[in-house]
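Here is what each chain is made of, one letter per residue.
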Amino acid sequence: MLALAGVWSYRQMRSAGDFFPRVGKTAPSPEQIQRILKDSEKRLTQDPENLDALVDQGVARFFMGPDHYSESLNALNTAWRMSAFDPRIFYYSGILYEDLSLFEESEKQYRRFLKHMPNDREVELRLARLMFRMGKWDESVHYYENLVKANPKDVTSTVNLGLAYARRYQQYQDELAKKPKKTQGTEKPAEPGTLDPNALLSRAIEYLEKASKLDADLDDGLYLELAKLYFAKGDWQNCVNAGFSELKRKSDDAETLKLVTLAYEKLGDKAKAYEFAAQWEKSDPKSRQAHQKVVQLKPRTKK
């Protein structure tokens, strides 16, 4: 499949196509698509350099589904090589490449689109999500922060911002674990403009907590994520609290029961730790660690 080519040219021809249905909104009907194709073919017959008609063809074929992706990309690609100035090229190409898991090419297209239509919320969301999928945590944080600043009540962006900070923190921990033990603890201070690991951890917690206040009914697993973050921070009571919120959704989740057990143990509440260790073992009977905790925490009967 051809990649979009072309270099910025001073002889760009402006195209202002009206056929720009956004993905996720009402899709054009098959009849509308056929009308667009016939009309664009007619216009191209009259003028082979009608770039607006060429882009219309690319858009119409995009909505005909994956079997027509190559035709759509070829039309959009040709218009771009002919110096069309039409943000639709970058919008639909970005989505196509993302659907095809060609993430780096998709990233290029979304960035090009935002150069021409800055602050377009939909494409900023798509780019933030793409950066998350690619493991580019700093870039994902950047775009999700912009989205949250623009709309502080956006629960999805707030959650994803917290998760991006959490993944960046975990990346730091993974990198640290790979270093020789004798060099651990000798890391240089964070560079200006960057966050140290404790700040990354705090930001992750901050935004997930904000999301829980915006919508307490978060998806399964998000309170578990928050419990893990509190555990990493050494905040045992809030780890327990977040764990309880997760257990309301999935009462037999072994990973959550494990965290609550260990947090209660850290708090010095052996009775509660034993109670949850027993539930943990019941949920995951093959876990040696769970069994060992039950044995370790089981109250000793006085003789």
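In this convention, every chain numbers its residues from 1, walking through the sequence in written order. Only residues with pLDDT of at least 70 are given local features in this predicted model, and only at 80 or more are side-chain atom pairs given and counted; all residues enter the totals for whole chains, interfaces and linings. Computation of side-chain values covers all heavy atoms of the structure but excludes hydrogens and water.

For this document, the term salt bridge refers to a Lys or Arg side-chain nitrogen within 4 Å of an Asp or Glu carboxyl oxygen. Summed over the entire model, instances satisfying the criterion amount to 26 salt bridges. A salt bridge links Asp 52 to Arg 43; the shortest N-O distance between them is 3.4 Å. Linked through salt bridges whose partners overlap, the residues forming this network are Asp 39, Arg 43, Asp 52, Asp 56, Asp 86 and Arg 88.

It is worth spelling out the packing of helix 2 (residues 51-62) against helix 4 (residues 87-99) at this point. Lines fitted to the C-alpha atoms define the axes, with helices restricted to the stretch that makes contact. Angles between their N-to-C directions range from 0 to 180 degrees. Think of it this way: any DSSP run of H or I at least four residues long counts as a helix, any run of E at least two long counts as a strand, and we number them from the N terminus. For the pair helix 2 and helix 4, the least separation of the axes is 10 Å and the interaxial angle reads 25°. By the angle class used here, helix 2 and helix 4 are roughly parallel. In the packing of helix 2 onto helix 4, the handedness of the crossing is left-handed. Contacts from Asp 52, Val 55, Asp 56, Val 59 and Phe 62 of helix 2 reach helix 4 at Arg 88, Ile 89, Tyr 92, Ile 95 and Leu 96. The nonpolar class holds Ala, Val, Leu, Ile, Met, Phe, Trp, Tyr, Cys and Pro. Asp, Glu, Lys and Arg form the charged class, and all remaining residues, Gly among them, are polar. Here the contact of helix 2 with helix 4 is composed, by residue class, of seven nonpolar, no polar and three charged. Note that the term roughly parallel is reserved for angles under 35 degrees, roughly antiparallel for angles over 145, roughly perpendicular for angles of 65 to 115, and oblique for everything else. Two helices cross in a left-handed way if the nearer one is turned anticlockwise from the farther one by less than a right angle. They cross in a right-handed way if the turn is clockwise. Contacts are assigned to residue pairs with any non-hydrogen atoms lying within 4.5 Å of each other.

For Ser 101, which is not glycine, the phi dihedral falls at a positive 65°. Inspection of the secondary structure assignment puts Ser 101 in the loop between helix 4 and helix 5 (103-116). Of note, Asn 119 is a non-glycine position whose phi angle comes to about 65°, a positive value. Looking at the element boundaries, Asn 119 is found in the loop between helix 5 and helix 6 (121-133).

The next subject is the environment of Ala 227. Tracing the chain through its elements places Ala 227 in helix 10 (residues 222-233). Any residue under 20% of the maximum accessible area for its type is buried, any over 50% is exposed, and the rest in between are partly exposed; the area is computed with a 1.4 Å probe on protein chains only. Take Ala 227: its relative accessible area is 0%, and that puts it in the buried class. Separated by 33 residues in the primary sequence, Ala 227 and Val 260 have C-alpha atoms spaced 8.4 Å apart.

What follows is about the packing of aromatic side chains. Aromatic rings in a pair are described by how distant their centres are and how their planes are angled relative to each other. A pair of aromatic rings is counted whenever rings of Phe, Tyr or Trp (Trp by its six-membered ring) have centres within 6.5 Å, and the orientation is called stacked for planes under 30 degrees apart, edge-to-face for over 60 and tilted otherwise. Per the stated rule, a full pass over the model turns up 15 aromatic pairs. Note on Tyr 91 and Tyr 92: the rings are 4.8 Å apart at their centroids and 90° apart in plane angle, and the pair reads as edge-to-face. On the basis of relative accessible area, Tyr 91 is assigned to the buried category, the value being 0%. An aromatic cluster is defined as three or more aromatic residues linked by ring pairs; in this entry it consists of Phe 20, Phe 62, Phe 63, Tyr 69, Tyr 91, Tyr 92 and Phe 113.

This brings us to the nonpolar core. Ranked by internal contacts, the top residues of the largest apolar core, which has 77 residues, are Ile 89, Leu 127, Val 159, Leu 161, Tyr 165, Leu 226 and Leu 229. Not counting the four nearest positions on each side in its chain, Tyr 165 is found in contact with Val 141, Glu 145, Leu 195, Leu 200, Arg 203, Ala 204 and Tyr 207. For the purposes of this section, nonpolar cores are sets of buried Ala, Val, Leu, Ile, Met, Phe, Trp, Tyr and Cys residues that join through side-chain atoms within 4.5 Å.

Once that is clear, we can look at the confidence of the model for the protein. For the protein, mean pLDDT is 89; residues scoring 70 or higher make up 89% of the total. Confidence of the prediction at every residue is given by pLDDT, a number between 0 and 100. Below pLDDT 50 for its whole length, residues 1-16 participates in 42 contacts with residues either more than four positions away or in separate chains. Every residue in residues 189-193 is under pLDDT 50, and counting partners more than four places away or in other chains gives two contacts.

What follows is about the environment of Phe 90. With respect to the secondary-structure elements, Phe 90 resides in helix 4. Residues contacting Phe 90, with those up to four places away along its chain left out, are Trp 80, Gln 109, Arg 112, Phe 113 and His 116.

Attention now moves to the side chain of Ser 157. In this structure, Ser 157 sits in helix 8 (residues 155-178). For Ser 157, a relative accessible area of 0% translates into the label buried. Leave out the neighbours within four places in its chain, and Ser 157 touches Arg 121, Leu 125, Tyr 144, Leu 147 and Val 148.

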